[in-house]
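# Architecture at a glance
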Amino acid sequence: MPEHGGVPIELRGVTKRFPGAGAPAVDRLDLLIPAGEIVVLLGPSGCGKTTTMRMVNRLEEPTSGDILIDGQNSRDINPNQLRRHIGYVIQQAGLFPHMTVARNVAQVPKLLGWDSRRIAGRVDELLDLVGMDPGLFRDRYPRALSGGQQQRVGVARALAADPPVLLMDEPFGALDPITRERLQDELLRLQEELAKTIVFVTHDVDEALKIGDRIAMMQRGSRIVQYAAPAEILTDPADDYVEQYLGGESSMKLLRLTKVGDIRLDRVPHAAEDADTERLLAEIEAGGDQYALIVDEARHPLRWVTVDDLAGRTGPVGDLGDPVGDTILGRMTLQDALESLLNADTDVVPVVGRRRVYSGVISLSTVQQAIQDIKARERERRRRRHDGPRG
Amino acid sequence: MSLWEYVSSRKDLILFEAAQHASMVAQCVLVAAVLGVLVGVLSYRRAHVSALALGMAGVLFTIPSLAMLGLLIPPLGLGVAPSVTAITLYALLPIIRNTVVGLRGVDAQLVDAARGIGMSGRRSLLRVELPLAWPVILTGIRVATQLAMGIGAVAAYVSGPGLGEQIFSGLARLGGANALNSTLTGTIGIILLALLFDACFVLLGRLTIPGGIRA
Ligand SMILES: Nc1ncnc2c1ncn2[C@@H]1O[C@H](COP(=O)(O)OP(=O)(O)OP(=O)(O)O)[C@@H](O)[C@H]1O
Ligand SMILES: [Mg+2]
């Protein structure tokens, strides 16, 4: 079945006042959630994140204001119908303990009146999608699953009818750090395929920075202090409150946020094993380097050769030089790369992209330069925005 | 005459009375279960209403069964009618109470999840809340059944059907021939019936409590 992408959601002047409560839980909130993006609602406990999210699928009714889903006012849609087209994932998954995994996942398609063959096929497809073997898990009850597995099933259930919108309220909040990381990675992988509009509630800064295309930093009453991409929030916090909430270490957080493949890597001369020694030596010296990388036909890094290795020799390079030890993957974060660099035998380590093809080299100073570049770029963007035409 | 001789000489009568007793209890509990679950379902979300329902059933419960049966004679006369009414009324309390407790005990997150994926209130009740509350409700019905067994015996006081007749006629002739045998037969018969019904509930639990929440 072709999966469908997301639709935009717009909140216009939305207020929620609970009976008996003094201040409104959500106070005149305006928020535009673009189609196909993950928007994280981030803020301290009780600031109104959950309430904001629950108004989107009308589990709470706004006291005033409008919510437009793909341009349609949610008030005009029957709440049950609306919810069948909005995936809903909560902490601890909320699986029905008296139903098997398959029946849990099948609930929304059943509500939509699909026939049982189509439902059975869809259930298996979804379990595959969230990385669970249908043959093994289909007929299990939730209590026979680990917390992480339950949460996967929770995601599968939410995706069952291929809804354009997914609401996730601290979905990984109750999991251990390792499982949480893994499920976050898988959500991002899924999202690459599905491109749903996802509203993701958390109070974990690191989770927000990792998951979000944009982050809405909230204060009491769901007042938005800053609404921006993670890198911008890190490099340009709107005020002291945001800065404090982020908890410092913004450079460390940028390391975690940035992929090796996305920064400017260093270059060294590289050549195949059949390259001529004298030519390679000339090339190295012309570039002012001390060494070169030897790669095979598929451009996988093989060996380092230094100027000394090559000096005075003729003919093809052959197996001169020392094998490269570690390589760093382009999809690693800078933080992981840093870890590898600190443990590497050489100062410079080759980076490989897809299919382990050589794509450049990285050293500690490359990482340092990259972080400084990101900060400079954000500063520049900010300056241009502030100086730009107003009104 | 030994107890055994007494029983074998009146085998047909005793079996008939036991069957009557069982059938009366089963039918009363069935009616009480339907009514009780209905009252529980209608009231569990509203604290005042369920307090009222439970209060009323509780007051009924404190009336001694003999007095209740006596009170029912003027409107209903003797025989089956007052017996069945009294048994059903007593059976209501544990069923209403367990239905309310069971439904209120369902994890609020699960009800939220049910509504959140688009189940109507009624569907959430039928597909999520009642199945999850069912073990507690079933326990209520089981307690009600045991209660009904005992009250069924007292029903003989208003000439109701069942094994109570053996007990009362024995007690009335205490010291006389076979008085003790008669009382013992009624008592043991009711105990055996109660055990039999209880076994049925164990089986019913196996058959009706979903695997995922069975203890
Ligand atoms: N059903 C309700 N009735 C009354 N007040 C409520 C209700 N739900 C939430 N509130 C109040 O609204 C405010 C916002 O609550 P909300 O659950 O949206 O916060 P949150 O940001 O999700 O917090 P957390 O991170 O702890 O989950 C709180 O002050 C809370 O007490
Ligand atoms: Mg919350």
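A brief look at the structure comes next. (Residues numbered from 1 in each chain as written. Chains lettered and ligands numbered in written order. Predicted model: local features only at pLDDT ≥ 70, side-chain atom pairs only at ≥ 80, totals over all residues. Heavy atoms only, no water.)

## A word on the overall build of chain B
Within chain B, the secondary structure is distributed over nine helices and zero strands. Along chain B, helices (α) and strands (β) appear in the sequence α-α-α-α-α-α-α-α-α when read from the amino end. Each of the three principal axes of chain B carries a C-alpha extent, and together these read 70 × 40 × 20 Å. Counted over contacts in chain B with a minimum sequence separation of 6, partners at least 24 positions apart contribute 75%. About 10,500 Å² of surface is accessible on chain B, with carbon and sulfur atoms providing 71% of the total. Seen as two clouds, the 14 positive and the 8 negative side-chain charges of chain B have centres 10 Å apart. (Helix = DSSP H or I, 4+ residues; strand = E, 2+ residues; numbered from the N terminus. Contact = heavy atoms within 4.5 Å. Areas by Shrake-Rupley, 256 points an atom, 1.4 Å probe, with all protein chains shown as cover. Lys, Arg positive; Asp, Glu negative; His and termini not counted. Charge placed at Lys NZ, Arg CZ, Asp CG, Glu CD.)

## Comments concerning unusual backbone geometry
Of note in this structure, S222(A) is not a glycine but carries a positive phi near 55°. The backbone of S159(B) shows a phi angle near 60°, a positive value even though the residue is not glycine. With respect to the helices, strands and loops of the structure, S159(B) is situated in the loop between α7 (121–154) and α8 (164–172). Take S159(B): its relative accessible area is 47%, and that puts it in the partly exposed class. (Buried < 20%, exposed > 50% of the residue type's maximum accessible area, 1.4 Å probe, protein only.)

## Remarks on the interface of chain B and chain A
Across the boundary between the two partners, chain B contributes 21 residues, which contact 23 residues of chain A. Carbon and sulfur atoms make up 58% of the area that chain B and chain A hide from each other, which totals about 1,900 Å². Between D112(B) and R54(A) there is a salt bridge, with its nearest N and O atoms 2.7 Å apart. Summed over the shared surface of chain B and chain A, the result is eight residue pairs in polar contact (both at pLDDT 80 or more). If you list the elements that add at least two residues to the side of chain B that touches chain A, you get α6 (108–116) and α7 of chain B. (Buried area = accessible area lost by both parts, 1.4 Å probe. Salt bridge = Lys/Arg side-chain N within 4 Å of Asp/Glu carboxyl O. Polar contact = N/O pair within 3.5 Å; in protein donor to acceptor, adjacent residues only side chain to side chain.)

## Looking at α8(B)
Residues and elements named next belong to chain B. Restricting attention to buried positions, one finds in α8 the residues G164, Q166, I167 and G170. All buried residues of α8 fall inside an arc of 160° around its axis, so they share one side. On its buried face, α8 sits against α1 (3–9), α2 (11–43), α7 and α9 (179–208). (Arc of directions from axis to C-beta.)

## Description of the sheet that holds strand β17 (residues 358–362) of chain A
All names here are of chain A. Strands sit in the order β15-β16-β17 across an open sheet of three strands; the sheet is mixed. Strands with a single pairing partner mark the edges of an open sheet, and in this sheet they are β15 (328–329) and β17. Strand direction decides the pairing type here: strand β16 (residues 349–352) and β17, joined by four bridges, are antiparallel. Residue pairing across strands places V349 opposite I362, the latter belonging to β17. (Pairing = 2+ DSSP bridges.)

## Regarding the packing of α8(B) against α9(B)
In a packed pair of helices, the relevant descriptors are the angle between the two axes and the axis-to-axis distance. All names here are of chain B. Contact pair α8 / α9: the axes reach a minimum separation of 7 Å and the direction vectors enclose 155°. Between α8 and α9, the interaxial angle falls into the category roughly antiparallel. α8 and α9 meet at a crossing whose hand is left-handed. Residues Q166, I167, S169, G170 and L171 of α8 form the contact with α9, whose own contacting residues are A179, S182, T183, T185, G186, T187 and I190. Its residues assigned to classes, the contact of α8 with α9 comprises four nonpolar, eight polar and no charged. (Axes fitted to C-alpha atoms, helices over the stretch in contact; angles between N-to-C directions. Parallel < 35°, antiparallel > 145°, perpendicular 65-115°, else oblique. Left-handed = near helix turned anticlockwise from the far one by under 90°. Nonpolar A, V, L, I, M, F, W, Y, C, P; charged D, E, K, R; others polar.)

## Observations concerning the pairing of strand β10 (residues 223–228) of chain A
Residues and elements named next belong to chain A. When strand β9 (residues 214–219) meets β10, the two strands line up antiparallel, connected through five bridges. In the strand pairing of β10, M217 is matched with Q226. Where β9 hands over to β10, the hairpin turn is made up of three residues, of which G221 adopts a positive phi near 80°.

## A look at the site of ligand 1
Around ligand 1, the structure places F18(A), A25(A), P44(A), S45(A), G46(A), C47(A), G48(A), K49(A), T50(A), T51(A), E170(A) and H203(A). Between an oxygen atom of ligand 1 and a side-chain N or O atom of T51(A), the distance comes to 2.5 Å. (Near = heavy atom within 4 Å.)

## Structural notes on the packing of aromatic side chains
Residue and element names in this part refer to chain A. Using the criterion set out here, one finds five aromatic pairs over all chains in the structure. Geometrically, the ring pair formed by Y291 and W304 is edge-to-face, given 5.5 Å between the ring centres and 80° between the ring planes. Placement of Y291 in strand β12 (residues 291–295) and of W304 in strand β13 (residues 301–306) is noted, with a sequence separation of 13 residues between them. Judged by its relative accessible area of 11%, W304 is buried. The ring of W114 is capped by R118, whose NZ or CZ atom sits 3.6 Å from the centre of that ring. It is R214 that lies over the ring of Y227; its NZ or CZ is 5.6 Å from the centre. (Phe/Tyr/Trp six-rings, centres within 6.5 Å; stacked < 30°, edge-to-face > 60°. Lys NZ or Arg CZ within 6 Å of the ring centre and 35° of its normal.)

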